[in-house]
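Here is what each chain is made of, one letter per residue.
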Amino acid sequence: MAVKLLIVDDEPDIEPLMRQKFRRQVRDGEYELLFARNGFEALEQLRQVDDVDIVLTDINMPEMDGLTLLVKLNELGRVLKAIIVSAYGDMDNIRTAMNRGAADFLTKPIDFQDMEVTVQKMLRELEALRNAVREHDQLLALRHELDIAAQIQQSILPATFPPFPGRDDFELYATMIPAREVGGDFYDFFLIDDTHLALVIGDVSGKGMPAAIFMSMSRTLLKSIALQGMSPADCLQHVNHLLCLDNAAEMFVTIFYAILDTESGRLRYSSGGHNPPMLLRRSGEVETLSRTPGVALGVLPEAAYGVKEVILAPDDALLLYTDGITEAMDAAGNLFSEARLQIALARNVTSATEPLIGDIVAAVRVHAGETPQSDDVTALCVRRLASTASATMTITLRNDLSELARVAALIDEFGEAHGVPAHAVFECNLALDEVLTNIISHGYGDEATHEIIARCHLGDGTWRFEIEDDARPFNPLSAAAPDLQQPFEERPIGGLGIHIVRRVMDELEYKREHDKNVLVMSKQITRRETGGLDG
């Protein structure tokens with residue numbers, strides 16, 4: 001059966017444009033397009049055609065505008081979805097439209113690919129909604145309202161995992177398990193750009209359909225503003241201002257919003273009165289993030305929000321959650337508590353995010369037993385992964401011993417960024433320091449400044465260093481191994497440094513090329529099951 005779309009717009013070229021863009025779908029019987037030039041004509045079309053699925057309406061039109069049409073659609077009592085079309089950045093009208101029942105919005109000029117994706121999403125929600133309506137005669141009015149709210153609540157949350165196939169720098173999983181009564185929990189995640197991942201979790205006050213609608217509006221507003229690249233604090237402040245306008249129901253929402261730099265591990269975050277997330281270090285330690293200034297959104301129009309930051313090292317995991325977890329009660333009224341959550345988190349140091357959340361949910365259920373719960377259980381977990389891809393770094397330094405501290409710091413940062421175990425980083429830094437010290441101290445016979453180049457490459461389980469200098473020709477591998485049994489005071493000077501290098505590195509190679517010494521050192525680094533590396 002064809003999907004019936006009623007397109008309401010007073011622009012004369014909209015009908016031929018739509019028919020051209022969707023000619024294949026119309027020809028194949030997938031879509032049936034109806035048109036109206038204003039709200040009055042749209043209502044007349046709806047009186048003649050009683051099975052319209054989606055109304056796509058502009059805001060600014062003569063005789064009856066799109067915002068008024070949304071009110072009239074609610075009065076009809078039809079089971080359909082409305083999509084509003086607005087100018088880019090017109091957040092006030094978009095907020096009003098969402099309050100009046102619009103399920104989603106598009107911005108002008110219309111991206112037709114985005115429009116088709118939005119229509120398909122609306123159809124899935126519409127199907128769920130109509131299924132619930134067909135059960136109306138078998139349910140009490142209150143139960144019916146709650147079922148619809150639950151379907152809406154679940155349908156708008158991302159549910160495809162892994163959400164970003166091909167990404168090996170992080171993994172992510174989330175779940176929202178509704179309680180007997182529908183609440184307003186939600187989560188979201190999306191890429192702002194290739195290296196910045198947005199993470200959101202929220203909890204709306206109240207229950208039932210009003211909470212579900214307010215939750216949908218809050219999530220939509222936050223995402224649309226966040227994609228403009230605002231800082232977490234500025235984003236929450238802007239969303240709060242919009243939610244406070246015409247908030248006759250006096251509802252509010254607690255939100256935690258963070259942006260993770262997937263390259264550096266830097267996490268910048270802001271909270272609007274929400275539970276602070278927990279950070280699981282790869283060492284097994286569990287930290288609760290520091291709170292930031294800010295109250296629940298929708299309460300105080302001029303509320304200010306703060307921002308803080310923390311670094312997620314490779315294999316660290318961050319858990320965002322709502323109080324449906326920590327406040328789950330057993331038969332005696334005892335809360336699950338943050339302490340129990342920390343214990344459950346700590347025993348999942350090496351777990352992937354999906355089983356980690358599964359273990360926490362299971363622990364909550366065991367604690368609650370048969371005790372009915374009144375709040376949703378919602379959690380989102382992201383784990384930063386140690387990079388398994390090859391990586392390269394080149395360091396250029398002067399023949400000055402003061403440069404060695406900078407080189408060591410760069411090697412430490414490189415190893416940390418790519419998940420190399422600390423002992424392997426230490427040994428490579430030790431070998432590099434011995435070689436560079438020898439070149440700087442003994443390789444040059446003048447007072448001139450010379451360049452030394454150290455190249456390192458990590459890949460295929462090997463960390464390879466190539467040191468190139470224009471010092472006097474010297475093959476350090478030709479030096480005889482020191483006699484360690486000989487008394488220290490009787491040993492000849494030299495030879496011990498290269499002996500240390502031989503001990504900590506797996507392969508050494510020397511060559512003289514283009515009047516330069518080139519020493520190549522390699523160390524084998526094996527992978528851990530957790531995705532990192534081990535030496």
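Residues numbered from 1 in each chain as written. Predicted model: local features only at pLDDT ≥ 70, side-chain atom pairs only at ≥ 80, totals over all residues. Heavy atoms only, no water.

## Description of the overall build of the protein
- When you go through the protein residue by residue, the secondary structure sums to 15 helices and 22 strands.
- Each of the 535 residues in the protein was classed as buried or not, and the buried ones make up 50%.
- Here the analysis covers contacts within the protein between residues at least 6 apart in sequence; of these, 69% occur between residues at least 24 apart.
- In the structure as shown, the protein presents an accessible area of about 25,400 Å², 51% of it carried by carbon and sulfur atoms. (Helix = DSSP H or I, 4+ residues; strand = E, 2+ residues; numbered from the N terminus. Buried < 20%, exposed > 50% of the residue type's maximum accessible area, 1.4 Å probe, protein only. Contact = heavy atoms within 4.5 Å. Areas by Shrake-Rupley, 256 points an atom, 1.4 Å probe, with all protein chains shown as cover.)

## Digging into the pattern of salt bridges
- Within the structure shown, the criterion is met by 28 salt bridges.
- Two residues, Lys108 and Glu11, come together in a salt bridge whose shortest N-O distance is 3.4 Å. Of this pair, Lys108 sits in strand 5 (residues 104–108) while Glu11 sits in the loop between strand 1 (3–8) and helix 1 (14–21); the two residues are 97 residues apart in sequence, bridging distant segments of the chain.
- By relative accessible area, Lys108 is classed as partly exposed at 31%.
- Classification of Glu11 as partly exposed rests on a relative accessible area of 35%.
- Ionic contacts of the salt-bridge type, sharing partners, join the residues Arg455, Arg464, Glu466, Glu468 and Lys516 into one network. (Salt bridge = Lys/Arg side-chain N within 4 Å of Asp/Glu carboxyl O.)

## A few points about a nonpolar patch on the surface
- A surface patch of nonpolar side chains, about 310 Å² in accessible area, is lined by Phe252, Val295, Val299 and Leu300.
- The residue Val299 is located in the loop between strand 12 (286–288) and strand 13 (308–311) in this model.
- You can call Val299 partly exposed: its relative accessible area is 45%. (Patch = residues over 30% accessible without salt bridge, like charges linked within 9 Å, V, L, I, M, F, W, Y side chains within 5 Å.)

## Quick word on the packing of helix 11 (residues 337–346) against helix 12 (residues 353–368)
- One can describe the packing of helix 11 onto helix 12 by two numbers: an axis separation of 9 Å at closest approach and a directional angle of 140°. Looking at the two axes, helix 11 sits oblique to helix 12. Remark: the crossing between helix 11 and helix 12 carries right-handed chirality. For the pair helix 11 and helix 12, contact is made by Arg340, Leu341, Ala344 and Leu345 and by Leu356, Asp359, Ile360 and His367, respectively.
- Residue composition of the contact of helix 11 with helix 12, by class: 5 nonpolar, 1 polar and 2 charged. (Axes fitted to C-alpha atoms, helices over the stretch in contact; angles between N-to-C directions. Parallel < 35°, antiparallel > 145°, perpendicular 65-115°, else oblique. Left-handed = near helix turned anticlockwise from the far one by under 90°. Nonpolar A, V, L, I, M, F, W, Y, C, P; charged D, E, K, R; others polar.)

## As for the confidence of the model for the protein
- For the protein, the mean per-residue pLDDT works out to 87, and 89% of the residues sit at or above 70.
- Contacts of residues 490–494 to residues separated by more than four positions or lying in other chains number 4 contacts, the stretch itself having pLDDT below 50.
- Note on residues 527–534: pLDDT under 50 across the span, and 27 contacts to partners over four residues away in sequence or across chains. (pLDDT = per-residue confidence, 0-100.)

## So, the state of the cysteines
- As enumerated under the stated definition, the model contains 0 disulfides in all.
- Between Cys456, a cysteine without a disulfide, and Cys428, which holds the nearest cysteine sulfur, the sulfur-to-sulfur distance is 9.2 Å.
- Looking at Cys456, the relative accessible area reads 3%, which means it is buried. (Disulfide = S-S within 2.5 Å.)

## So, the sheet that holds strand 17 (residues 451–459)
- The strand order across the open sheet formed by 5 strands is 16-17-18-20-19, and the pairing between neighbours is antiparallel. Unpaired on one side and paired on the other, strand 16 (391–398) and strand 19 (507–513) mark the two borders of the sheet. Here the strands of the sheet are splayed against their neighbours by 15° on average, with no regard to which way each runs.
- Here strand 19 pairs with strand 20 (residues 516–524) via 7 bridges, running antiparallel. If you follow Glu509 over to strand 20, its bridge partner there is Val520.
- Here helix 13 (residues 404–417) sits on the sheet in contact with strand 16, strand 17 and strand 18 (462–469), set at roughly 175° to strand 16.
- Across the face of the sheet, helix 14 (residues 422–442) comes into contact with strand 16, strand 17, strand 18 and strand 20 while running at roughly 10° to strand 18. (Pairing = 2+ DSSP bridges.)

## Re a negative patch on the surface
- There is a patch of like negative charges on the surface, built from Asp446, Glu447, Glu451 and Asp470.
- Counting through the fold element by element, Glu451 comes out in strand 17.
- Overall, the relative accessible area of 53% leaves Glu451 in the exposed class. (Lys, Arg positive; Asp, Glu negative; His and termini not counted. Charge placed at Lys NZ, Arg CZ, Asp CG, Glu CD.)

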